Amino acid sequence: MNPEIDRRKLIGVALLIVLACALPFFIANYRVFQMTLVLAYSIALLGLNMLTGFNGQISLGHGAFYAIGAYTAAILMDKAGLPYWATIPIAGAVCFVAGFLFGLPALRLEGLYLALATFALGVAMPQILKHKSIEGWTGGVQGIVIVKPDAPAWTGISQDQWLYFFTLAWVVLLFFLGWNLLRGRIGRAMVAIRDQPIAAQAMGVNTALVKSLTFGVSALYTGVAGALGAIAVQFVAPDSFNIFLSITLLTGVVIGGLASISGAFFGAMFIQFIPNIADEISKAAPWAIYGVVLIAFMYVMPTGVAGFVRLVRARLSRRRGAPVPR
Amino acid sequence: MSKDLLRVSRRTALGAAVALAFTGNAFAQAAKYGPGASATEIKLGQTMPYSGPASAYGTIGKVEQAYFKMINDNGGINGRKVNLISLDDGYSPPKAVEQVRRLVEQDEVLALFQTLGTPSNSAIHKYVNAKKVPHLLLATGATKWGDPKEFPWTMGFNLSYQSEGQIYAKWLLKNKPNAKIGVLYQNDDYGKDVLKGVRDGLGAAAAKMIVKEVTYEVTDPTVDSQILTLQGSGADTFIDITTPKFGAQAVRKAFDSGWKPLHIINNVSSSIGSVLVPAGVEKAVGAMTINYYKDPNDPQWKDDPAMLEWRAFMGRYYREGDPKDPSNLYGYLAAQVMTQILKQCGNDLSRENVMRQAANLKNFKLPLLLPGMTANTGPNDFFMFEQAQLARFTGTQWQLFGDLISTDSR
């Protein structure tokens, strides 16, 4: 790897974090809340991207893990009286186990068959959440209202700003860990399984283990995102996590850019803001507008926004005669 | 006496309007404005499911925007134009939270109006009350929207599910006191809400009269076995608290099994087109339900002046809307009530006064309600409608009968 480029990348990331920290002081609280949701979605998208982009397994049911994470946080706060910050790792752990267990049998399924199996999970989740036997915890169709955490007094910032920074901290941590994981041995194994499963196995990669671990880690990320999203929204109900959420997440991954870490942010912006813009344009057919935008994106940026940005950067540096960044 | 009250409030309003016209600026300075209100504009906000699973209800938001367009074309309310900002929430609670926060914090609306759906409204319930934003005329039937002590900024619009249950109970107590009642209800907050109304209405007689209660889940394929259980219990009266798909199944099975009880079917499933026709209209003859506003498909209102006025409005301001869809009439009614509340506010357009006036509707007449019905609220009574009339199915239409029945005042 070129150390010159590595240093430049590091400076770029540091600059981005500084910008992200300054942002909530320049925009209204409601915008801060929207950006908090973008951050939460970006974690979920990174998780799904590990599975779909890097490992080549398509999931149409990640909304279910988002829901499990959200409900875990809500139930722990509402019934067990846990502080909000303590619920996030637990939500992640619960989702890791759920994802790993779901990943085991799902291993036998390839491509579209796996997509259908996960689709079933996504479709079933809202109804499972309404089921009588767990109604005492989940609140049934009524859902659970969560109390919004206050910022510590010494910070002097609003609740929304505090939640933004809390979520941002998780983003930095999880993206750092994800980046480490994906560029290392396991990341290479994941990509190898996606591209040449038989060759990967011949090279000594434990395909089964890596695939179910990927499923587990992916679910963990999505679960943490669900918990953060639930705390920001202050409410969970089965209707919040219908199958459309799963499809939206997959859309975000593809729009952002498959197998790209920075793509998670672009995808998150897309799923957060494009529906609002579509609604502004037409009340009669917001989804038609959404569809047109989606098709336009796919035409103009077939490798996602991240791929497009990479392409533009490559062109510019070639013109300048600088070495082409990877 | 009630008539006198109405006259007084009208005279006061007229007086205020005249005073405004004469004193112009001087009076405008005395006017009070909360966020979203000014001398020229009143900003209202709402979320609607323009996309998503409940998008059929999106027409309510559109008809309401059309109504305020008409109001504005005719000079507005006390000289101010109404600007209703209507946003899509896709029937998703998190989206509703986001959009309502936008309406309150960015657009700074004076009040929320007709936000639709129980889940979406549950999600914003605490927030709007903490922010002290009037959360008015919610488009849902849940009874929890009428709780002025805990949630003084939230007021529903629909006849509540509990009121509906009470009305059935009251009619049975009076007309069929020896009824043996079997109840089928959907196992969620809506089903339990209606059932609670039935039980409360029957009072001490509930234990004796209700011989069997059975439930179904929205995920069940049919309710056939539940109907047979009710038949086996010896019940002769069937209170059917179901949503349309299950309502149609219940109508058919209760007839085909040879049970043929007195079938009381709740308003949610009373649509002729989507419930009774699929079930077979001949199997529904004699079934009962309640109504509280006029049905645009009912031939008896064909030449009703209020109905003609509504149709003219539809033709002029909302031509793409379906004049057969009762949702368009419902939205028109809600917009009329909102207009009345804003009229009563006069020149004090603070959020507190909007809430005060919303809780101060005295025998407000709406010609599209059933004859004799009015809207009434008070500081301790956040239920707009507490009356309804029973209707019997003739095989082609719902025929109203008997008097208006009121629920117990709370």
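Please read these numbers as outputs of a predicted model, since none were measured by experiment.

A. Spatial organisation of unusual backbone geometry. All names here are of chain B. The backbone of Tyr-91 shows a phi angle near 60°, a positive value even though the residue is not glycine. Here Tyr-91 shows up in the loop between β3 (81-88) and α4 (93-106). Look at Tyr-91 and you get buried, because 25 C-beta atoms sit within 10 Å. The phi dihedral of Leu-137 falls on the positive side, at around 55°, and the residue is not glycine. Within the secondary structure, Leu-137 is located in strand β5 (residues 135-138).

B. Seen up close, the interface of chain A and chain B. With 21 residues of chain A at the interface, the matching set in chain B holds 24 residues. Of all the secondary structure elements, the ones that give two or more residues to the side of chain A that touches chain B are α2 (29-54) and α13 (286-300) of chain A. Looking at the side of chain A that touches chain B, the element that brings in the most residues is α2(A), giving 4 residues. Per-class residue counts for the side of chain A that touches chain B are 10 nonpolar, 7 polar and 4 charged.

C. Looking closely at α2(A). Residue and element names in this part refer to chain A. Here α2 spans 36 Å end to end across 26 residues, near enough to the 38 Å set by a 1.5 Å rise per residue. A maximum bend of about 35° is found in α2 at Leu-48. Where burial is concerned, most of α2 is hidden: 23 out of the 26 residues are buried. Just beyond α2, the residue with positive phi is Gly-56, at close to 75°.

D. Summary view of helix α3 (residues 58-73) of chain B. All names here are of chain B. Over its 16 residues, α3 extends 23 Å from the first C-alpha to the last, a length consistent with the 22 Å expected when each residue adds 1.5 Å. Burial of α3 is extensive: 12 of the 16 residues sit out of reach of the surface. When we look at burial in α3, the residues that qualify are Gly-58, Thr-59, Ile-60, Gly-61, Lys-62, Val-63, Glu-64, Gln-65, Ala-66, Tyr-67, Phe-68 and Ile-71. Here the buried face of α3 lies against β2 (41-48), β3, α12 (305-317) and α13 (326-345). Phi for Gly-75, located one or two positions after α3, is positive at around 105°.

E. Fine view of the sheet that holds β5(B). All names here are of chain B. Ordered by their spatial adjacency, 5 strands build an open sheet running β3-β2-β4-β5-β6, and the pairing between neighbours is parallel. Each edge of the open sheet carries a strand with a single partner, namely β3 and β6 (154-156). If you compare each strand with its neighbour and ignore which way they point, the axes differ by 20° on average. For strand β4 (residues 111-113) and β5, the ladder comprises 2 bridges, and the chain directions are parallel. Note on β5: the bridge partner recorded for Leu-112 is His-135. Here α3 sits on the sheet in contact with β2 and β3, set at roughly 165° to β3.

F. Quick peek at the packing of helix α6 (residues 161-175) of chain B against helix α7 (residues 189-202) of chain B. Residues and elements named next belong to chain B. Two elements in contact, α6 and α7, have axes whose closest approach is 6 Å; the angle formed by their N-to-C orientations is 35°. As α6 packs across α7, the resulting crossing turns out to be right-handed. Seen from α6, the contacting residues are Tyr-161, Gln-162, Ser-163, Glu-164, Gly-165, Gln-166, Tyr-168, Ala-169, Lys-170 and Leu-173; seen from α7, they are Tyr-190, Asp-193, Val-194, Leu-195, Lys-196, Gly-197, Val-198, Asp-200, Gly-201 and Leu-202. Along the lines of polarity and charge, the residues of the contact of α6 with α7 split into 9 nonpolar, 6 polar and 5 charged.

G. Structural context of the confidence of the model for chain B. Residue and element names in this part refer to chain B. Of all residues in chain B, 92% have pLDDT values of 70 or greater, and the mean over the chain is 90. A low-confidence stretch, residues 1-8 (pLDDT under 50), is modelled with 6 contacts involving residues beyond four sequence positions or located in other chains. The low-confidence segment residues 19-29 (pLDDT under 50) makes 6 contacts with residues lying over four places distant or belonging to another chain.

H. Geometry of the domain arrangement of chain B. All names here are of chain B. Here chain B is partitioned into domain 1 (31-159 + 301-379) and domain 2 (161-291 + 390-406). Centre-to-centre separation of domain 1 and domain 2, based on C-alpha positions: 31 Å. Residue-level contacts link 7 residues of domain 1 with 9 residues of domain 2. Its residues assigned to classes, the side of domain 1 that touches domain 2 shows 4 nonpolar, 3 polar and no charged.

Cut-offs applied
Every chain begins its residue count from 1, and numbering advances along the sequence as written. Going through the entries in the order they are written, you letter the chains from A and number the ligands from 1. The predicted nature of this model means local features are confined to residues of pLDDT at least 70 and side-chain atom pairs, given and counted, to a pLDDT of 80 or more, with totals for whole chains, interfaces and linings taken over all residues. The secondary structure listing takes helices from DSSP runs of H or I that are at least 4 residues long and strands from runs of E that are at least 2 residues long, numbered from the N terminus. Residues are called buried when their C-beta atom has 20 or more other C-beta atoms within 10 Å, exposed when it has 12 or fewer, and partly exposed otherwise; all C-beta atoms are positioned from the backbone. For every residue pair, C-beta atoms are placed from the backbone, and the pair is scored as a contact if these atoms sit within 7 Å. Each residue gets one of three labels, nonpolar for Ala, Val, Leu, Ile, Met, Phe, Trp, Tyr, Cys and Pro, charged for Asp, Glu, Lys and Arg, and polar for the others, Gly among them. Take the number of residues in a helix, subtract one, and multiply by 1.5 Å to get its expected span. Fitting axes to the seven residues ending at a residue and to the seven starting there, one defines the bend at that residue as the angle between these axes. Strand pairing is assigned whenever DSSP detects at least two bridges linking the two strands. The axes are straight lines fitted to the C-alpha atoms, using for helices just the contacting stretch, and the angles between their N-to-C directions are given from 0 to 180°. Handedness of each helix crossing follows the sense of rotation of the near helix against the far helix: counterclockwise by less than a right angle gives left-handed, clockwise gives right-handed. Residue-level confidence of the predictor is what pLDDT reports, using numbers from 0 through 100. Each domain span listed reflects an automatic or database assignment of domains.

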